[in-house]
Structures are given as C-alpha cells and as structure tokens.
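Topology and contacts: notes
Listed below, chain by chain, are the residues.
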Amino acid sequence: MLTPAALPTPLIPLDDPGLARLGVELWLKRDDLAHPAVPGNKWRKLAPNLERAVAEGRRGLLTYGGAYSTHIRAVAAAAHGLGLASVGVIRGEELAAAPRNWSLRAAEAAGMALEFVPRSRYRELAARGGEPREGFLVLPEGGSNALAVRGAAVVAEELARRLPDPGERDLVCCPVGTGGTLAGIAAGLPPGARALGVAVLRGEGYLEGEVARLHRAAYGREFANWRIHHGHHGGGYGKVPAELEEFAAGFERRHGVAVERRYVAKALSAVYGLAAAGELAAGTRVTVVVTGLPDPGDGLSRS
C-alpha cells in the first residue's frame, strides 16, 4: 500500500545574515519531506497521474530516465505501493550488461523492469513523450505532463495560504530540469508573486518553450509571471563543480539542512548570486522549493 504524503510540507524562514544585509529574506518550502519513497516534486507530479492510472484500470506505469534518475526510482516505488507493474526505459544500451548502480538497483528492488535503449533511440522517444504500450500509463521523462503541472501548482497554493501577506514581494524559486514543477508553481501563485526557475542543464530557449507548452497543455493558456535563470547549471546536467560543492557544504553547516546537489544546490546558489549582484530588490522574500533529498554520493559529477 502506498503511504500517503505528509502535506502540506513545512515552510520555514532561515536567518541568513548575508542575505539580510542585502534586504532579502530566505524561506524554504521543504518538499523533500513530502513522502519517504516518492519525495519532493516527484510526489507532486506523480500524484494526479497515479490517480488516473488507478481510475482507468491501468496495469502499470512506463516511463523514461537516465541511470541516476530520481523520477525512475519514484515511479518504481509508487507503482509498487499501488500494486502496479512498472517499466523504466533507460538511456544507454551499454548499461544493460554493466553492474547496476545504486539508483537502478533501488528501482529493480521495487519491482521495476528496466529496458536499456541506445542514446539516439532514447532521444527520439523522449522527444515525443514516450511510446504507447498496452495496459500502461506512459509518463514522459521527468514526469512532466499536464496532470503533473496541476499537481505542482498545489505547492504554490500551499505557499499562498501560509506565507504572511503573499504578493508582489514574493519570488518562489525552484530548479528546472523538464519544466513541470516551474510551470505548476507559476500557474498556482497568487497575484503579484513571481516564479524563478534555475536551469540545472544547458537548455536556454528550449526550457522556456517547454514551460510554455506545459502551460498550454494544462491550462489552455500561457502565464507571464515566471522566468528561467541559466547562469548556475554548473556546466550541465548532473555536473557539480567544486565551487558548487563548497557552497552546498557551507549552506549545510550554517543552516543544518542537507542539500541535494544536482538540483537544489543550483537553485540556492543562484539566489545568493542574484542577491549579491543586486538583481533581487531589497524587500524581496525568496522561497526556495526544496524538491528532493540528497543522493548517496552527492557532490560527484554525473552525466
């Protein structure tokens, strides 16, 4: 049986003297604590898709991801909890005969069948959102579809209920990999509040197009209250350069909050960098959505 999520997730202010001197408040939305097996934005995006799979009598979930994909592990755990089959199509046919890494072992332990495909074939499948399979609900890479956007919008709705006097001084920040979480947050924000996505990969222009596409798919229109910052991806997806590792470790020491490196550290680093550059006006209240838990071995560069 799938354990219910612990919602709403905690919202905490942080005392950060460096940001305070610049007139910027920092809050954390601890979505990493949403669910023990399907954490953070993975729960937000999967929950409405899981409801659909059960309502339609699907026998399983099929999705796509890389060798260290949190989404792959989350789908495996969620399907197992609901008594559904799961299939993960993994980028890189060379991995089929290689020893399983900790992430793929976890997915298989939850009952997921792994299918390894050539990278060129994977790109084709990912570009069109996957390939239908009888009896399965197909989820795109990262789980970002119209239902997922509406699931992520609940984050912003929770913030609107719990932040004191939400409005024009509020900036809600999240990392961006496929765009679904940012699209949902932007759609759910109260009037005046804005959303800032921090790209975790090289995708300028492409990611903006994806967020706009997801808005049209979920709501039939686009939103103008968001933007994506592309200056803190650290060199590409999964890359954790030494300066980012140093920043994340320092944040952990100062605030006692464990920081996931591939996504959350980049979002936090961007907030500090933008504040130092004077790009966040005095009086801004930034809420960073902590979208996931640290992985074993975090801080290592992965592709």
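For every chain, the first residue of its written sequence is number 1, and the numbers climb from 1 along that sequence. Only residues with pLDDT of 70 or above have their local features reported here, since the model is predicted, and side-chain atom pairs are shown and tallied only from 80 upward, although totals for entire chains, interfaces and linings are computed over all residues. For the side-chain quantities, the full set of heavy atoms in the structure was used; hydrogens and water were omitted.

This part covers the overall build of the chain. Along its length, the chain carries 10 helices and 10 strands. For this measure, only C-alpha atoms enter the radius of gyration; the expected value for a globule follows 2.2 Å times N^0.38, where N is the number of residues. Taken over the C-alpha trace, the chain has a radius of gyration of 19 Å; the compact-globule value for 303 residues is 19 Å, and the two agree within 12%. Taken along its principal axes, the extent of the C-alpha atoms in the chain is 55 × 40 × 35 Å. Partly exposed residues are those whose accessible area sits between 20% and 50% of the maximum for their type, while under 20% is buried and over 50% is exposed, using a 1.4 Å probe and protein chains only. Counting across all 303 residues of the chain, residues that qualify as buried make up 57%. Think of it this way: any DSSP run of H or I at least four residues long counts as a helix, any run of E at least two long counts as a strand, and we number them from the N terminus.

This part covers the pattern of salt bridges. What makes a salt bridge here is a side-chain nitrogen of Lys or Arg within 4 Å of a carboxyl oxygen of Asp or Glu, nothing more. Taken as a whole and assessed by the stated rule, the structure comprises 22 salt bridges. A salt bridge links R285 to D170, with the shortest nitrogen-to-oxygen separation between them at 2.6 Å. Residue R285 is found in strand 10 (residues 285-289), and its partner D170 is found in strand 7 (residues 170-176); the two are separated by 115 residues along the sequence. Assigned by exposure class, R285 and D170 land together as buried. Residues R262 and D295 are paired through a salt bridge, measuring 2.1 Å at the closest nitrogen-oxygen approach. You can see R262 sitting in the loop between helix 9 (242-255) and helix 10 (264-276) and its partner D295 sitting in the segment after strand 10, a full 33 residues away along the chain. Each member of the pair, R262 as well as D295, is classed as buried.

What follows covers the packing of aromatic side chains. Here a Phe, Tyr or Trp ring, Trp counted by its six-membered ring, pairs with any other such ring whose centre lies within 6.5 Å, and the pair is stacked when the planes are under 30 degrees apart, edge-to-face when over 60, and tilted otherwise. Tallying each qualifying case throughout the model produces 7 aromatic pairs. Here Y237 and Y263 contribute two aromatic rings whose centre-to-centre distance is 5.9 Å and whose plane-to-plane angle is 70°, an arrangement assigned as edge-to-face. Of this pair, Y237 sits in the loop between strand 9 (226-229) and helix 9 while Y263 sits in the loop between helix 9 and helix 10, and the two are 26 residues apart along the sequence. Seen from their ring centres, F247 and F251 are 6.3 Å apart, and the 35° between their planes marks the pair as tilted. One end of the pair is F247 and the other is F251, both in helix 9 and 4 residues apart, which spans about a single turn. Like F251, F247 is buried. An aromatic cluster is present here, built from F247, F251 and Y272 joined pairwise through their rings. Lying over the aromatic face of W27, R285 brings its terminal NZ or CZ to 5.9 Å of the ring centre. Placement of a charge over a ring requires the Lys NZ or Arg CZ to be within 6 Å of the ring centre, with the centre-to-atom vector within 35 degrees of the ring normal.

Right, let's talk about the sheet that holds strand 3 (residues 60-65) for a bit. Spatially, the 4 strands line up as an open sheet ordered 5-4-3-6, and their pairing is parallel. Looking along the sheet, the strands with just one partner apiece sit at the ends: strand 5 (112-117) and strand 6 (136-138). Between one strand and the next, the sheet's axes are offset by a mean angle of 25°, whatever the strand orientation. A pair of strands is treated as paired once DSSP finds two or more bridges between them. Bridge count between strand 3 and strand 4 (residues 85-91): 6 bridges; the pairing is parallel. Counterpart to L61 in the pairing with strand 4 is S86. Lines are fitted to the C-alpha atoms to define the axes, a helix being fitted only along its stretch in contact, and any angle between axes, read from their N-to-C directions, falls within 0 to 180 degrees.

A separate point is the environment of A76. With respect to the helices and strands, the residue A76 is situated in helix 3 (residues 70-82). In this structure the C-alpha to C-alpha distance between A76 and A282, which are 206 residues apart in sequence, comes to 44 Å. Contact partners of A76, with chain neighbours within four places excluded, come to S86, A107, A110 and M112. Throughout, a residue-residue contact means that at least one pair of heavy atoms, one from each residue, lies within 4.5 Å.

Our focus in this paragraph is the packing of helix 6 (residues 146-162) against helix 8 (residues 206-219). The interhelical angle for the contact between helix 6 and helix 8, taken along N-to-C directions, is 90°, at an axis separation of 8 Å. Compared by their axis directions, helix 6 and helix 8 come out roughly perpendicular. Along the contact surface, helix 6 presents A146, V149, R150 and A153, while helix 8 presents L214, A217, A218 and Y219. Class assignment for the residues of the contact of helix 6 with helix 8 results in 7 nonpolar, no polar and 1 charged. Just so you know how the angles are binned, under 35 degrees is roughly parallel, over 145 roughly antiparallel, 65 to 115 roughly perpendicular, and the rest oblique. Residue type decides the class: Asp, Glu, Lys and Arg count as charged, Ala, Val, Leu, Ile, Met, Phe, Trp, Tyr, Cys and Pro as nonpolar, and the leftover types, Gly among them, as polar.

This brings us to the state of the cysteines. Throughout, a disulfide means two cysteine sulfur atoms within 2.5 Å of one another. Scanning the model with the defined rule gives 0 disulfides in all. Of the cysteine sulfurs around C173, a residue in no disulfide, the closest is that of C174, at 6.5 Å. Among the residues examined, C173 registers a relative accessible area of 0% and is labelled buried.

Attention now moves to helix 8. In this scheme, a helix's expected span is set at 1.5 Å multiplied by one less than its residue total. Spanning 14 residues, helix 8 covers 20 Å between terminal C-alpha atoms, matching the ideal 20 Å at 1.5 Å per step. Those residues of helix 8 lying buried are L207, E210, V211, A212, L214, H215 and A218. Buried residues along helix 8 sit in contact with helix 6, strand 7, helix 7 (180-188), strand 8 (194-199) and strand 9.

Spatial strand order, 1-2-10-7-8-9: 6 strands in an open sheet with mixed pairing. The open sheet has two free edges, formed respectively by strand 1 (11-14) and strand 9, since each of these has just one partner strand. Across the sheet, the mean angle from the axis of one strand to that of its neighbour is 25°, orientation sign disregarded. By the bridge criterion, 4 bridges tie strand 1 to strand 2 (residues 25-29) in an arrangement that is antiparallel. Bridge pairing links I12 to L28 in strand 2. The sheet strands contacting helix 6 are strand 1, strand 2, strand 7 and strand 10, and the helix crosses strand 2 at an angle near 125°.

The values are spatial; any link to function lies outside them.
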